[in-house]
Amino acid sequence: MGNIIDGKGIAAEIRAELKGRAAALRERGIAPCLAVVLAGDDPASLIYVRNKKRACEEIGILSREVTLPGDIEEDALIAEIQALNKDETVDAMLVQLPLPRHIDERRVLAEVAPEKDADGFHVVNAGLLFSGQKSVLPCTPAGCMELLRRAGTAFRGRHAVVVGRSNIVGKPMAMLLLNEHATVTVCHSRTKDLADFARSADILVAAVGRAGLITGDMIKPGAAVIDVGMNRLPDGKVVGDVDFASALPVAGAITPVPGGVGPMTIAMLMQNAIDASEKRHG
Ligand code: NDP
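Let us look at the structure shown here. (Residues numbered from 1 in each chain as written. Predicted model: local features only at pLDDT ≥ 70, side-chain atom pairs only at ≥ 80, totals over all residues. Heavy atoms only, no water.)

## Focus on the site of the ligand
Around the ligand, a shell composed of 22 residues is seen, among which Arg165, Ser166, Ser189, Met230 and Thr265 lie nearest. Within the backbone of histidine 188, an N or O atom sits 3.5 Å from a nitrogen atom of the ligand. When the ligand sits alone it has 930 Å² of accessible area, and the protein chains cover 72% of it. When residues in the shell around the ligand are grouped by element, the largest group, three residues, is from helix H10 (residues 261-280). The residue inventory of the shell around the ligand, partitioned by class, reads nine nonpolar, ten polar and three charged. (Near = heavy atom within 4 Å. Polar contact = N/O pair within 3.5 Å; in protein donor to acceptor, adjacent residues only side chain to side chain. Areas by Shrake-Rupley, 256 points an atom, 1.4 Å probe, with all protein chains shown as cover. Helix = DSSP H or I, 4+ residues; strand = E, 2+ residues; numbered from the N terminus. Nonpolar A, V, L, I, M, F, W, Y, C, P; charged D, E, K, R; others polar.)

This is how it looks when you write it as structure tokens:
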């Protein structure tokens, strides 16, 4: 029976560490500040923004909410971001996605100053990660790496299989594993024989968005399994991409959903904000 990796508990430990770092900044007269830009009133986005605000409050980070109408013009949104780039009281910012349909997400994200990019989505940060240099890391893959580290996973020379190749999860996850000297395979919707690849993984990361895609018979005995997926079933229950019941007896360690990767994503966002504040103030 595999160990369940307690993402909720680990995220709480990280938030406690960050609380200490925020207090140290405040003692120096610095108020760490994260700006959250929200355009429109997408219900899921409103919940995410509220959760981020709560996490800021707990840690001692000022959260500056910039709430904009859903029909805002692209140039006006960009002007808001440019103002936050210049604002000396703002250490880090994020633009809540998805943006309204008429807005070019890539153009907007490119306007965020890379050093204030709390989500690590700017192409400069993606490029730094790609070339193995220090960068602001995207929160979800950074959280997955932290969970693997704290579960005592060895990376060097191990086979890591990442299922999913999005810019915010799959691709950066593959880069982080590669930078730790794992041998990395990236699978996606056109991959043939996903089960064969999955079965050869010492470290298996599922970031797809399909409930129960990975079953116990697709897991190598003893593998570390990280389930990024968040899928809402018709009965309202949220499950991952891994069929937990069949995977648990086979995996060496596995993250649950909920209570695995999810809480780590927010903890890593908070870490990026504190890192940015410490860096800006020397
Ligand atoms: P995307 O939809 O952007 O990417 C999904 C990826 O899965 C794509 O690369 C796609 O391949 C691949 N895929 C789809 N179907 C299959 C299949 N049958 N077999 C293999 N690969 C497949 O999603 P995200 O990366 O944004 O998110 C992935 C999941 O993680 C979602 O459930 C999301 O809700 C969750 N998530 C959770 C977070 C958390 O904090 N816990 C944070 C972010 C995301 P292709 O490229 O070929 O289309």
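## Looking at the sheet that holds strand S3 (residues 62-68)
Pairing is parallel across the open sheet formed by three strands, whose spatial order is S3-S2-S4. This sheet does not close on itself; its edge strands, each paired only once, are S3 and strand S4 (92-95). Adjacent strand axes in the sheet meet at a mean angle of 15 degrees, parallel and antiparallel pairs treated alike. In this sheet, S3 lies alongside strand S2 (residues 33-39) in parallel orientation, the contact comprising seven bridges. Within the sheet, the bridge partner assigned to leucine 34 lies in S3 and is serine 63. Lying over the sheet, helix H2 (residues 43-59) contacts S2, S3 and S4, oriented at roughly 170 degrees with respect to S2. (Pairing = 2+ DSSP bridges. Axes fitted to C-alpha atoms, helices over the stretch in contact; angles between N-to-C directions. Contact = heavy atoms within 4.5 Å.)

## Remarks on the environment of leucine 18
By the secondary structure assignment, leucine 18 is in helix H1 (residues 7-27). C-alpha separation for the pair leucine 18 and glycine 60, spaced 42 residues apart in sequence, amounts to 8.7 Å. Each residue touching leucine 18, except ones within four places of it in the same chain, is listed here: Ile59, Ala267, Met270, Gln271 and Ile274.

## A word on the nonpolar core
Proteins that are soluble and globular tend to have nonpolar side chains buried together. Of all hydrophobic cores here, the largest spans 51 residues; its most connected members are Leu34, Leu148, Leu177, Ile226 and Met270. With nine residues, H10 is the largest single contributor of residues to this core. Beyond its immediate stretch of four places on either side in the chain, leucine 148 contacts Thr153, Phe155, Met173, Leu177, Ile203, Ala224 and Ile226. Of all hydrophobic cores here, the second largest spans 19 residues; its members include Ile72, Leu84, Leu99 and Val112. (Core = buried A, V, L, I, M, F, W, Y, C linked by side-chain atoms within 4.5 Å. Buried < 20%, exposed > 50% of the residue type's maximum accessible area, 1.4 Å probe, protein only.)

## Some remarks on the environment of alanine 142
Following the sequence through the fold, alanine 142 ends up in helix H6 (residues 139-150). With 130 residues separating them in the primary sequence, alanine 142 and alanine 12 have C-alpha atoms 16 Å apart. When neighbours within four sequence positions are excluded, alanine 142 is seen to be in contact with Leu137, Leu176 and Met268.

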